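Now for the letters of each chain:
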Amino acid sequence: MENQLLSEKIVITKPSITDLEIDYVNDAIRNGWGPKCYDYINRFEKEFAEYEGSSYALATSSCTGAIHLALMALGVKAGDEVIIPDITWIASVEPVLYIGAKPVMVDVLPDTWCIDPAKVQAAISPKTKAIIVVHVYGNLVDMDYIMEIAKKHSLVVLEDAAEGLGSEINGQKAGSIGDAGVFSFHGTKTISTGEGGMIVTNNADVYQRAKILNDHGRDPKIGKTFWMAEYGYKYKMSNLQAAMGCAQIERADDLVSRKREVFSWYQEELRNFPGILNPQIEGTKNSYWMPTLIVDKPFDRENLFLFMKENNIDSRPFFYPLSSLPMFERKSTNVVAYDIHARGINLPSHHDLKRSDVIYICQIIRKFFQEFSL
Ligand SMILES: *Cc1c(COP(=O)(O)O)cnc(C)c1O
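K.L.:
Please explain the sheet that holds strand β11 (residues 284-285) as it appears in this structure.
P.N.:
Each strand in a sheet pairs with another by means of backbone hydrogen bonds, the pair being arranged parallel or else antiparallel. Ordered by their spatial adjacency, three strands build an open sheet running β7-β6-β11, and the pairing between neighbours is antiparallel. Two strands close off the open sheet at either side, each with one partner strand: β7 (172-173) and β11. Relative to β7, strand β6 (residues 168-169) is paired through two bridges, and the arrangement is antiparallel. Directly across from E168, in β7, lies its bridge partner K173.

K.L.:
Got a minute to help me understand the packing of aromatic side chains in this structure?
P.N.:
The geometry of an aromatic ring pair is captured by the separation of the ring centres together with the interplanar angle, meaning the angle of the planes. Under the counting rule described, the total for this entry stands at 20 aromatic pairs. In textbook terms, an aromatic cluster arises when at least three aromatic residues are bridged by ring pairs, as seen for W89, W113, Y137, W289, F318 and F319. Positioned above the aromatic ring of W227, the side-chain terminus of K224 is 4.5 Å from the ring centre. In this structure, R301 packs its charged tip against the face of Y320, placed 5.3 Å from the ring centre.

K.L.:
Teacher, can you tell me more about the nonpolar core here?
P.N.:
Within soluble globular proteins, side chains that are nonpolar generally end up buried alongside one another. Core analysis: the largest hydrophobic core is formed by 70 residues, its most contacted members being L158 and I199. In terms of residue count, helix α4 (residues 63-73) provides more of this core than any other element does, eight residues in total. Beyond its immediate chain neighbours, meaning those up to four positions away, I199 contacts Y56, A57, L58, A66, L69, A70, A180, G181, V182 and A210. Formed by 28 residues, the second largest nonpolar core is a distinct cluster that contains W265, I345, V358 and I361.

K.L.:
I keep staring at the site of the ligand and nothing clicks. Help me out?
P.N.:
In the vicinity of the ligand there are 14 residues, among which T64, D160, E163, S184 and K189 approach most closely. Residue C63 places a main-chain N or O atom 2.9 Å away from an oxygen atom belonging to the ligand. With respect to the ligand, the side chain of E163 contributes an N or O atom lying 2.5 Å from an oxygen atom. Bound to the protein, the ligand loses 93% of the 380 Å² it would expose on its own. In terms of residue class, the shell around the ligand is built from five nonpolar, six polar and three charged.

K.L.:
I'm lost on the pairing of strand β8 (residues 180-184) in this one. Help?
P.N.:
With five of five residues buried, β8 lies mostly within the body of the structure. Covered by surrounding structure in β8 are A180, V182 and S184 together with G181 and F183, the residues of both alternating faces.

K.L.:
Looking at this structure, how should I read the environment of I361?
P.N.:
With respect to the helices and strands, the residue I361 is situated in helix α13 (residues 355-373). For I361, a relative accessible area of 0% gives the class buried. A sequence separation of 13 residues divides I361 from P348, and the C-alpha atoms of the two residues are 8.6 Å apart. Excluding its chain neighbours within four sequence positions, the residues that come into contact with I361 are I10, Y266, M308, I313, L347 and P348.

K.L.:
When you look at the environment of L155 in this model, what are you seeing that I'm missing?
P.N.:
Summarising the element assignment, L155 is placed in the loop between α7 (143-152) and β5 (156-160). Residues L155 and D352 lie 197 residues apart in sequence; the distance between their C-alpha atoms is 42 Å. Beyond its immediate stretch of four places on either side in the chain, L155 contacts I124, T128, K129, I131, A150 and D179.

K.L.:
Sorry if this is basic, but what is going on with helix α2 (residues 19-31) here?
P.N.:
Three- or four-residue spacings in an α-helix give side chains the same orientation, since the helix completes a turn every 3.6 residues. Its 13 residues give α2 an end-to-end C-alpha distance of 18 Å, which sits within 8% of 18 Å, the value for a rise of 1.5 Å per residue. The complete set of buried residues in α2 reads E21, Y24 and A28. Viewed end-on, α2 has its buried residues packed into an arc of 75°, placing them on one side of the element. Opposite the buried face of α2, by more than 90 degrees, sit the exposed residues D19 and R30. Against α3 (39-52) and α9 (239-250) lie the buried residues of α2.

Here is what the cut-offs are and how they apply
- The residue numbering used here restarts from 1 in each chain and proceeds along that chain's sequence as written.
- Residue-level local features of this predicted model are given only where pLDDT is at least 70; pairs of side-chain atoms are given and counted only at 80 or more, and the full residue set underlies all totals for whole chains, interfaces and linings.
- Side-chain numbers come from the whole structure's heavy atoms, not from hydrogens or water.
- For two strands to pair, DSSP has to find at least two bridges joining them.
- Put simply, DSSP H or I for four residues or longer makes a helix, DSSP E for two residues or longer makes a strand, and each gets a number counted from the N terminus.
- Aromatic rings from Phe, Tyr and Trp, with only the six-membered ring used for Trp, were paired whenever their centres fell within 6.5 Å, and each pair was classed as stacked if the ring planes differed by under 30 degrees, edge-to-face if by over 60, and tilted otherwise.
- In this scheme, the term charge over a ring applies when either NZ of a lysine or CZ of an arginine sits within 6 Å of the ring centre and within 35 degrees of the ring normal.
- Remark: nonpolar core denotes a set of buried residues (Ala, Val, Leu, Ile, Met, Phe, Trp, Tyr, Cys) joined through side-chain atoms within 4.5 Å.
- Per-residue accessibility, obtained with a 1.4 Å probe over protein chains only, is compared with the maximum for each type, and a residue is labelled buried under 20%, exposed over 50%, and partly exposed between these values.
- Here, residues are in contact when the closest pair of their heavy atoms is within 4.5 Å.
- Throughout this document, a residue counts as near a molecule or strand when at least one of its heavy atoms sits within 4 Å of that molecule or strand.
- Definition of a polar contact: a pair of N or O atoms within 3.5 Å, with one able to donate and the other able to accept a hydrogen when the atoms are protein atoms, and with sequence-neighbouring residues admitted only if both atoms are side-chain atoms.
- To be clear on the numbers: accessible area is Shrake-Rupley with a 1.4 Å probe, and residue cover counts the displayed protein chains and nothing else.
- Ten residue types, Ala, Val, Leu, Ile, Met, Phe, Trp, Tyr, Cys and Pro, are classed as nonpolar, four, Asp, Glu, Lys and Arg, as charged, and the remainder, Gly among them, as polar.
- Helix span is expected to be 1.5 Å times the residue number reduced by one.
- Think of it as the arc spanned by the lines of direction from the helix axis to the C-beta atoms.

Geometric values such as these leave the question of function open.
Pasting the structure below:
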């Protein structure tokens, strides 16, 4: 344990960079200009669509931008209601606000920490247009149930799979099941381009619409240079970023297996600890983007973060319920969300993390609970 104090801080996560990423990015910066300036973007989109088993993929500058474009392409408009889980990263809901639509925060399930389909059903009103589901920390949403509800009420489903890359439901990739799916390649995510995002869909109209909106509203069918019939947006990925993405998607299976291996080390080290880790529900494969521990009893989270920091370990709080943030109306009736967030923390996981790091992290967690709390 003493050695760890002298060594580097254990970061929560970081990308895995090999010669492959460096070679592709070098090639892009040397040669990827003029007639080749879109080559890596086209290739990344094609390979990502293949990985997902989706018909179309559109690269973006972030997942936040991807959500904004996808919601508009799916027909969400000002005044519409959009159902969303109360537990997610803020970026899932912000684009709903950009459009002037109204987010309706719904509680999550105590086992998967993902949106509760029965409560989605109960939240539907005549104004509901869309459901955003989030595969939080790699855990999986009950997509069969959600798609059935959506079909019955003619709603569109956007799958926010920013944290679910590599997770699967009955062999189908997370993100490929809804009307559209979105991903993030931020430096914290399982595959990274520094910053970046992707939309996938099987619907040609949704894809075309998102592509036009992402090009300032330029419709190639009009065929008159610099003539726009409507205004749009610009959330584009650069060829340099896409070069890194091409390397990462080639390595996706390896990156996901390492996430699963790191998670198995936590399972082993915390097997008698009074708490639960990310579940893997029958019929699903969890890619365990972020190993998350929910402790059985309430405890002082801030003190634990401080203690971990003093011991050179980076950790993160489980997301606050969106509806507990000051810009939204508080919805304490989402009892599961309000209960589990206060007992949950995220633990480090990345490709270069060693088993000895995980052993050390778990020793520090146990020490905290012995000395200070439980
Ligand atoms: C990271 C993340 C996003 C946003 O991704 P960016 O690429 O940073 O815009 C959206 N939704 C969820 C669930 C995320 O974890």
